[in-house]
Amino acid sequence: MSSSSAPLSPRGAAEEEGAARSDGATGGTVFSYGEAGYWDARYVEEGGAPYDWYQRYAALRPFVRRFVPPASRLLMIGCGSALMSEDMVADGYREIINIDISSVLIELMRKKYFDLPQLQYMQLDVRDMSKFPDESFDCAIDKGTLDSLMCGVEAPLSAAQMVLEVDRLLKPGGVFMLITYGDPSARIPHLNQPVCNWEIVLYILPRPGFKGNARRSVFDPVPLTENGRLPDGYTPEDPDSHYIYVCKKVHGLQG
Ligand SMILES: C[S@@+](CC[C@H](N)C(=O)[O-])C[C@H]1O[C@@H](n2cnc3c(N)ncnc32)[C@H](O)[C@@H]1O
């Protein structure tokens, strides 16, 4: 499967749905995408069948190869059952530490990849990665996990915790690649935490299978305004596009 049919739908609908579900408005036991219980139940049901949200590695490869050298020590945030890490190893990446909040998923992935030493799996909440020392990664990739947190209760707090942890773990000059359905008005405010100083380059990729006419190359960065928004009048050809924020940790300065 190349992209989800579902719950983390674009343009905030799922964020609203997630928040409502967390209030227990429907009664009974309902989980939201921001909660470990939801994901554990989902992975028990799916039994670890591979599933890549939004985009497959083949589509992301040009961006990943441009910004992440194969020798990087890489953190895959909220890895899920995606084939992304496996595909990256096949493409020459040597050290990928995959974390996910779901213990069910981590067990399944450990069994699946026991003979692939380039991949490690750890059950960890991205909001508290104190297990890792400061500046211990060259790169971090998130595809869909910040989006999940945005569906949970106290979403802005969770997002801030996550971004601050990623910033702490990256070496100066390191890269955080965020792949999300959130446009700059919904994501830049969370990326720009007070102690972070990111140099952000934005790319916009239509969802897989989009049939519209491309007015521009997806490999051209989309400029951001001074306050971190899309340029006036700019609308992506595909309204359900995915946004790739390449955030470089700039050394020594504070934003
Ligand atoms: C939308 S899925 C994306 C999975 C995978 N990255 C992909 O591209 O297919 C979100 C993943 O984030 C994980 N997750 C949710 N909240 C998390 C948290 N606080 N810490 C770590 N992982 C989390 C979920 O268990 C799930 O596997």
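What follows concerns the overall build of the protein. Counting secondary structure elements, the protein contains eight helices and seven strands. Classification of the 255 residues of the protein by burial places 40% in the buried group. Summarising the internal contacts of the protein: among those between residues at least 6 apart in sequence, 74% fall at separations of at least 24.

This part takes up the site of the ligand. Around the ligand there are 23 residues in total, and Trp39, Gly78, Gly80, Ala82 and Gly144 lie nearest to it. With three residues, helix α6 (residues 145–149) is the largest single contributor of residues to the shell around the ligand. Residues that form the shell around the ligand fall into these classes: 12 nonpolar, six polar and five charged.

Moving on: the environment of leucine 116. Tracing the backbone shows leucine 116 in the loop between α5 (103–112) and β3 (119–123). Spatially, the C-alpha atom of leucine 116 lies 10.0 Å from that of arginine 94, the residues being 22 residues apart in sequence.

Put simply, the protein has an average pLDDT of 89, and 86% of its residues get 70 or more. Every residue in residues 1–7 scores below 50 in pLDDT, and together they form 14 contacts with partners more than four places removed in sequence or on other chains. Of the regions scoring below 50 in pLDDT, residues 9–30 engages in 26 contacts with residues more than four places distant in sequence or in other chains.

Ranked by size, the top nonpolar core spans 62 residues in total, and within it Leu74, Leu75 and Ala140 carry the most contacts. The greatest single-element share of this core, amounting to six residues, is contributed by strand β5 (residues 170–180). Excluding its chain neighbours within four sequence positions, the residues that come into contact with alanine 140 are Leu75, Ile77, Val166, Leu169, Leu170 and Phe176.

This next bit is on unusual backbone geometry. Its identity is not glycine, yet tyrosine 54 carries a phi of approximately 70°, on the positive side. When you line up the elements, tyrosine 54 lands in the loop between α2 (36–46) and α3 (57–67). On the neighbour-count criterion, tyrosine 54 (25 C-beta atoms within 10 Å) is buried. A positive phi angle is found at glutamate 135, which is not glycine, with a value near 50°. Position of glutamate 135 among the secondary structure elements: in the loop between β3 and β4 (137–143).

Below, the discussion takes up the packing of α2 against α5. Remark: α2 packs on α5, axes separated minimally by 7 Å, with the N-to-C direction vectors making an angle of 40°. Here α5 runs oblique to α2, going by the angle between their axes. Residues Trp39, Asp40, Tyr43 and Val44 of α2 lie in contact with α5, whose contacting residues are Ser103, Val104, Leu105 and Leu108. Partitioning the contact of α2 with α5 into residue classes produces six nonpolar, one polar and one charged.

What follows covers the pairing of strand β7 (residues 242–249). The element β7 is largely enclosed, with a buried count of seven among its eight residues. Across six bridges, β5 lies against β7 in antiparallel orientation. Its bridge partner lying in β7, valine 175 is registered against lysine 248. As defined by bridge partners, strand β6 (residues 198–205) adjoins β7 across eight bridges and the pair is classed as antiparallel. Of the residues in β7, the one forming a bridge with valine 201 is valine 246.

Here we take up helix α8 (residues 184–191). Of all the positions in α8, only Pro184, Arg187, Ile188, His190 and Leu191 are classed as buried. Along α8, the residues classed as buried sweep out an arc of 165° about the axis, all on the same side. Check the buried side of α8 and you find it contacts α7 (155–169), β5, β6 and β7.

Rules of the game
- Residues numbered from 1 in each chain as written.
- Predicted model: local features only at pLDDT ≥ 70, side-chain atom pairs only at ≥ 80, totals over all residues.
- Helix = DSSP H or I, 4+ residues; strand = E, 2+ residues; numbered from the N terminus.
- Buried ≥ 20, exposed ≤ 12 C-beta atoms within 10 Å, placed from the backbone.
- Contact = placed C-beta atoms within 7 Å.
- Near = placed C-beta within 6 Å.
- Nonpolar A, V, L, I, M, F, W, Y, C, P; charged D, E, K, R; others polar.
- pLDDT = per-residue confidence, 0-100.
- Core = buried A, V, L, I, M, F, W, Y, C linked by C-beta atoms within 7 Å.
- Axes fitted to C-alpha atoms, helices over the stretch in contact; angles between N-to-C directions.
- Parallel < 35°, antiparallel > 145°, perpendicular 65-115°, else oblique.
- Pairing = 2+ DSSP bridges.
- Arc of directions from axis to C-beta.

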